[in-house]
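Residue strings, one per chain:
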Amino acid sequence: MSRTRSDGELLRRIAAERDRRAFEELYRRYAPWLAARLRGRCADPATVDDVVQETFLAVWRGKAVYREDGDVAGWLWRIGARRLIDALRGDGARGRLRQALARLRHRDEASAEERVLAGVEHGDLAGALTRLSPELRAVLQATVIDGLTTREAAVLLGIPPGTVKTRAMRARKQLREALA
């Protein structure tokens, strides 16, 4: 009977022993989740597949080092988000156009993160968040929830870094006013 190994144990075995079974178990555990999150940010399935593969290759090759002080899913998301930014940067204007078209096509569909934000039940935060414009919510999602820098959020959202800063400031101000 096989036992379920912890994420930390899998990562230690991958790093120390190049344990292929540990790597496959980690991949099966997190690749579908990572792909689903990335699809919320990128409408191109080929790019999402490439980013998932690049993320796990970084883990396998030891280019991404887990420090054992945080959540493995969050760590993998940070790697994947940065790989996605790199992929989108490589696409240049064509990639930004594709992203803009995808956002227009799917703007009525709430992402998982937007549903979570709308479902927060602490005070009137949920109501305040839902009253923000989609542009302001997207900046909050990228910078607060996903933990991206201003430059990374700018690339991901296809807007200038100054616009990210302005929208973040406006979103915080609106939230403060709504919660006061």
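Bear in mind the structure is a predicted one, so any value in this text is a computation, not a measurement. Numbering of residues starts from 1 in every chain and runs along the sequence as written. The predicted nature of this model means local features are confined to residues of pLDDT at least 70 and side-chain atom pairs, given and counted, to a pLDDT of 80 or more, with totals for whole chains, interfaces and linings taken over all residues. Only hydrogens and water are set aside when side-chain values are computed; all heavy atoms of the structure are taken into account.

Looking now at the overall build of the protein. Per the convention used, a helix needs a DSSP run of H or I reaching at least four residues, while a strand needs a run of E reaching at least two, with both numbered from the N terminus. For the protein, the helix and strand inventory stands at nine helices and zero strands. The N-to-C order of helical and strand elements in the protein reads α-α-α-α-α-α-α-α-α. Burial status follows relative accessibility: with a 1.4 Å probe on protein chains alone, a residue under 20% of its type maximum counts as buried, one over 50% as exposed, and anything between as partly exposed. Per-residue burial over the protein gives 42% buried out of 180 residues. Contacts are residue-level and defined by heavy atoms, with any inter-residue pair within 4.5 Å sufficient. Residue pairs in contact within the protein that sit at least 24 positions apart in sequence constitute 59% of those at least 6 positions apart. Per element, the accessible surface of the protein, about 10,900 Å² overall, is 52% carbon and sulfur. Here the accessible surface of atoms and residues is derived via Shrake-Rupley with a 1.4 Å probe, and residues count as covered only by protein chains that are part of the display.

Attention now goes to the nonpolar core. Within the largest apolar cluster, 40 residues are counted, with the highest numbers of intra-cluster contacts made by Leu11, Leu26, Leu38, Val52, Phe56, Val72 and Trp75. Breaking this core down by element, the ones donating at least two residues are α1 (7–17), α2 (20–39), α3 (45–61), α4 (72–105), α7 (134–145), α8 (150–157) and α9 (161–179). Among the elements that line this core, the one with the most residues is α4, at ten residues. Trp75 has contacts with Leu11, Val59, Ala64, Val65 and Tyr66, leaving out every residue within four places of it along the chain. To form a nonpolar core, buried Ala, Val, Leu, Ile, Met, Phe, Trp, Tyr and Cys residues must be joined to one another through side-chain atoms within 4.5 Å. Residues Ala128, Leu132, Leu136 and Ala171 belong to the second largest nonpolar core, which totals seven residues.

Turning next to the packing of α1 against α2. Axis angles are defined between N-to-C directions and span 0 to 180 degrees, where every axis is a line fitted to C-alpha atoms and, for a helix, only to the segment in contact. Close contact between α1 and α2 brings their axes to 8 Å; oriented N to C, the two are set at 135 degrees. Classified by the interaxial angle, the pair formed by α1 and α2 is oblique. With respect to the hand of their crossing, α1 and α2 are arranged in left-handed fashion. Side by side, α1 and α2 meet where Asp7, Leu10, Leu11, Arg13 and Ile14 of the first sit next to Ala22, Phe23, Glu25, Leu26, Arg29 and Tyr30 of the second. Any angle from 65 to 115 degrees is called roughly perpendicular, while one under 35 is roughly parallel, one over 145 is roughly antiparallel, and all others are oblique. Left-handed is the label given to a crossing in which the near helix is rotated counterclockwise from the far helix by less than a right angle, and right-handed is the label when the rotation is clockwise.

Looking now at the confidence of the model for the protein. Per-residue confidence from the predictor is given as pLDDT, running between 0 and 100. Per-chain confidence: the protein averages 80 in pLDDT, with 77% of residues scoring 70 or above. Taking the mean pLDDT of every element in the protein, the minimum, 51, falls on helix α5 (residues 112–119) and the maximum, 93, on α2.

Before going further, it helps to examine the environment of Ala171. Here Ala171 shows up in helix α9. Once the C-alpha coordinates of Ala171 and Arg137 are considered, the two residues, 34 residues apart in sequence, prove to be 7.5 Å apart. Apart from residues lying up to four places away in sequence, Ala171 is in contact with Leu132, Leu136 and Leu140.

Here the focus is the side chain of Thr47. Locating Thr47 in the fold gives a position in helix α3. Residue Thr47 is classed as buried on the basis of its relative accessible area, which comes to 11%. The residues contacting Thr47, other than those within four sequence positions of it, are Cys42, Leu84 and Ala87.

For the rest of this paragraph, the subject is the environment of Val65. With respect to the helices, strands and loops of the structure, Val65 is situated in the loop between α3 and α4. The spacing of Val65 and Leu11 is 54 residues in sequence and 9.0 Å in space, taken between C-alpha atoms.

To continue, consider α1. When α1 is considered as a whole, its buried residues turn out to be Asp7, Gly8, Glu9, Leu10, Leu11 and Ile14. With its phi angle positive at about 55 degrees, Arg18 sits one or two positions after the end of α1.

By the element assignment, Asp7 lies in helix α1. Sequence-distant contacts of Asp7, defined by excluding residues within four places in its chain, comprise Arg29, Tyr30 and Val72.

Let's shift gears to α2. An α-helix turns once every 3.6 residues. As a result, residues three or four positions apart point the same way. Expected helix span is given by 1.5 Å per residue-to-residue step, counting one fewer step than there are residues. Look at α2: 27 Å from first C-alpha to last across 20 residues, which is about the 28 Å you get at 1.5 Å a residue. Along its length, α2 shows its largest kink, about 40 degrees, at Tyr30, and proline Pro32 lies within four residues downstream of that point. When α2 is considered as a whole, its buried residues turn out to be Ala22, Phe23, Glu25, Leu26, Tyr30, Ala31, Leu34, Ala35, Arg37 and Leu38. Capping the start of α2, Asp19 holds a side-chain oxygen 2.9 Å from the backbone nitrogen of Arg21, two or three residues further along. Bend at a given residue is defined as the angle between two axes, one fitted to the seven residues that end at that position and one fitted to the seven that begin there. Polar contact criterion, stated in full: a pair of N or O atoms within 3.5 Å, where within protein one must be able to donate a hydrogen and the other to accept it, and residues adjacent in sequence count only if both atoms are side-chain atoms.

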